[in-house]
Amino acid sequence: MSSSSVSTKNTRIVLNERPKAGPITDTTFRTETVDVPEVKDGEVLVKVVYTSLDPTQRGWINEGRSYLPPVDIGAPMRAGGIGRVLVSKDDSLKAGDLVQGMFSWQEYYVGSAKSMQKKQTPEGGRDVDHLGLFGMTGLTAYVGMFDIGQIKDGDHVVISGAAGAVGLTCTQIALAHPKCKVTVIAGNPEKLEYLKKLGAHNVLNYKDADFKQQFKNVGLIDLYYDNVGGAILDQALSQIAPYARIVACGAISAYNATKPEPIYNYFNVISMKATWKGFIIMDHADRYVDGIKYLAGLQKEGKLEYQYHVTEGLDTCVGTLQDMFAGRNVGKTVVKIARDEDRNSKL
Ligand SMILES: NC(=O)c1ccc[n+]([C@@H]2O[C@H](COP(=O)([O-])OP(=O)(O)OC[C@H]3O[C@@H](n4cnc5c(N)ncnc54)[C@H](OP(=O)(O)O)[C@@H]3O)[C@@H](O)[C@H]2O)c1
């Protein structure tokens, strides 16, 4: 690939204004075209091929303390991605290498070679798996279920947000675990039908009028994998078994809310001697190799189906993020930003 074929212009989506509360709107972001910066020593120019869409991006545009600083107004929207190196001024990478990093919502990324990791996709594999199954979401499910949730044989495992990127993987990890009973919660009948086909023992739609009763009927919970927070978490806490583990992975029900819903049943954590633990996957890099090995093994055994919700074009990023909050995805959401001439990708 010659550097002469590289565009000198970069289209990107930047944060236009910080939403006070509520969903992102048509004025939250704006699109602009700027010059591709000069590549300096130690830096690399990457053509972004896929960008990752994640619920946590909603939090990244809020003011306030979190695990990463807020995206600045006028800065390209932070997002994980995979891409191809077009120009390298660092010995560790060369043109044509596949790389992963925080490339943001844009066509081209220029940054230090140290800010990205070189990736190799196994024969027959999909490059996009570096963002999904073998990326942050797959690994979140692995670390969440094993290290944080301490899944045990025979557990009654309940998973909320079960048809999403993390939840779908958690569901199948639980189903593959000896003698576990698996209850899943999601927001529409098609998703629940799919989860049932995968083998889930109980499927619950949190939008059903009698959801509370249905949830009560599944009985006590040993491991609750919480992707959504709010009223579903509150009810789960009312049903925890002695020594239950509650994995605080996400709270999507609160990301667009002015105020999170109150949690009334927290005292059960004391009386049931439960463990309620939060985590951020980036702190668990030492577990990535084991996690990828485990997930690849499960997939090879035919026990792990992984789904992608893919849209095409940088201009679909904002709408696709809005769709994710409306529950219109099954599995991992990604946007394909560009064709990858170096690879005949299946997605
Ligand atoms: N701790 C970590 O390091 C870490 C890492 C990655 C992700 N996470 C968290 O894990 C959770 C899942 O992330 P993901 O990437 O797998 O997203 P996802 O589940 O693929 O997409 C979000 C899903 O959430 C559901 N949802 C939206 N609003 C909801 C509400 N008010 N109540 C209940 N469900 C709602 C929708 O499905 P329905 O149709 O079922 O409503 C939607 O499809 C998020 O909370 C995310 O922040 C945490």
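Just so you know, the residues in each chain are numbered from 1, in the order the chain's sequence is written. In keeping with the model being predicted, local features are shown solely for residues with a pLDDT of at least 70 and side-chain atom pairs are shown and tallied solely at 80 or more, while totals for entire chains, interfaces and linings include all residues. Calculated side-chain values reflect all of the structure's heavy atoms, with hydrogen atoms and water omitted.

To continue, consider the overall build of the protein chain. Helix numbering and strand numbering both begin at the N terminus, where a helix is a DSSP run of H or I of at least 4 residues and a strand a DSSP run of E of at least 2. Of regular secondary structure, the protein chain possesses 10 helices and 15 strands. Taken along its principal axes, the extent of the C-alpha atoms in the protein chain is 65 × 45 × 35 Å. A sequence separation of at least 24 residues applies to 67% of the contacts in the protein chain between residues at least 6 apart. Shrake-Rupley sampling with a 1.4 Å probe provides the accessible areas, and residues are treated as covered by the protein chains on show and by no other component. Total accessible area computed for the protein chain in this model is approximately 16300 Å², and 51% of it derives from carbon and sulfur atoms. Charged-residue counts in this description rest on Lys and Arg as positive and Asp and Glu as negative, His and the chain ends being excluded. Every charge is mapped onto a representative atom, which is NZ of Lys, CZ of Arg, CG of Asp or CD of Glu. Mean positive and mean negative side-chain charge positions of the protein chain (40 and 39 charges, respectively) differ by 4 Å. In this analysis, two residues are considered to be in contact whenever any of their non-hydrogen atoms come within 4.5 Å of each other.

It suffices for a single heavy atom of a residue to lie within 4 Å of a molecule or strand for the residue to be listed as near it. Taken together, 26 residues lie near the ligand, and Val 166, Lys 191, Tyr 206, Tyr 255 and Asn 329 sit nearest. Distance and chemistry together define a polar contact, namely a pair of N or O atoms within 3.5 Å, with one atom able to donate a hydrogen and the other to accept it when in protein, and with adjacent residues in sequence counting only for side-chain atoms on both sides. Backbone polar atom of Val 166 to an oxygen atom of the ligand: 2.7 Å apart, as the coordinates give it. Asn 227 is positioned such that a nitrogen or oxygen atom in its backbone is 2.9 Å from an oxygen atom of the ligand. When the ligand is considered free in solution it has 910 Å² of accessible area, and contact with the protein chains removes 90% of it. Counting only elements with at least two residues in the shell around the ligand, the list comes to α2 (136–148), α3 (165–176), α7 (252–255) and α10 (317–325).

Counting buried positions along strand β9 (residues 181–186) gives five out of six residues, so the element sits mostly inside the fold. As paired elements, strand β8 (residues 156–159) and β9 share four bridges and run parallel to each other. Its bridge partner lying in β9, His 156 is registered against Lys 181. When DSSP finds two or more bridges between a pair of strands, those strands are recorded as paired. By the bridge criterion, four bridges tie β9 to strand β10 (residues 202–205) in an arrangement that is parallel. Working definition: with a 1.4 Å probe on protein chains only, accessible area under 20% of the residue-type maximum means buried, over 50% means exposed, and in between means partly exposed.

What UniProt calls "domain: Enoyl reductase (ER)" (unreviewed entry) maps, in this numbering, to residues 22–335. Across residues 22–335, helical content stands at 27% and strand content at 25%; the span's end C-alpha atoms are separated by 23 Å. UniProt positions are given in the numbering used here, feature names are shortened, and annotations may be inferred rather than shown by experiment.

On to the sheet that holds β10, then. Spatially, six strands are ordered β10-β9-β8-β11-β12-β13 in an open sheet, and the strand pairing comes out parallel. In this open sheet, the two strands that pair with only one neighbour each are β10 and β13 (275–278). Sheet twist, expressed as the average angle between the axes of neighbouring strands with direction ignored, equals 15°. Note on geometry: axes are C-alpha line fits, over the in-contact stretch for helices, and angles between N-to-C directions span 0 to 180 degrees. Together, β8, β11 (221–226), β12 (240–248) and β13 form the strand contacts of α2, whose direction differs from that of β11 by roughly 150°. Across the sheet, α3 touches β8, β9 and β11, and the angle it forms with β8 is around 170°.

This part takes up a nonpolar patch on the surface. Only residues whose relative accessible area exceeds 30% and that form no salt bridge enter a patch; like-charged residues are grouped when within 9 Å of one another, and nonpolar side chains (Val, Leu, Ile, Met, Phe, Trp, Tyr) when within 5 Å. By definition here, a salt bridge exists when the distance from a side-chain nitrogen of Lys or Arg to a carboxyl oxygen of Asp or Glu is within 4 Å. On the surface, a nonpolar cluster with roughly 320 Å² of combined accessible area is contributed by Tyr 67, Met 102, Met 136 and Met 282. Using a relative accessible area of 34% as the deciding quantity, one classes Met 136 as partly exposed.

Here, expected helix span is obtained from the residue count minus one, scaled by 1.5 Å. Helix length check: α3 (12 residues) gives 17 Å between terminal C-alpha atoms against 16 Å at 1.5 Å per residue, within 8%. Counting buried positions along α3 yields 10 of 12 residues, so the element is predominantly enclosed. Where α3 is concerned, the buried positions are Ala 165, Val 166, Gly 167, Leu 168, Thr 169, Cys 170, Thr 171, Gln 172, Ile 173 and Ala 174.

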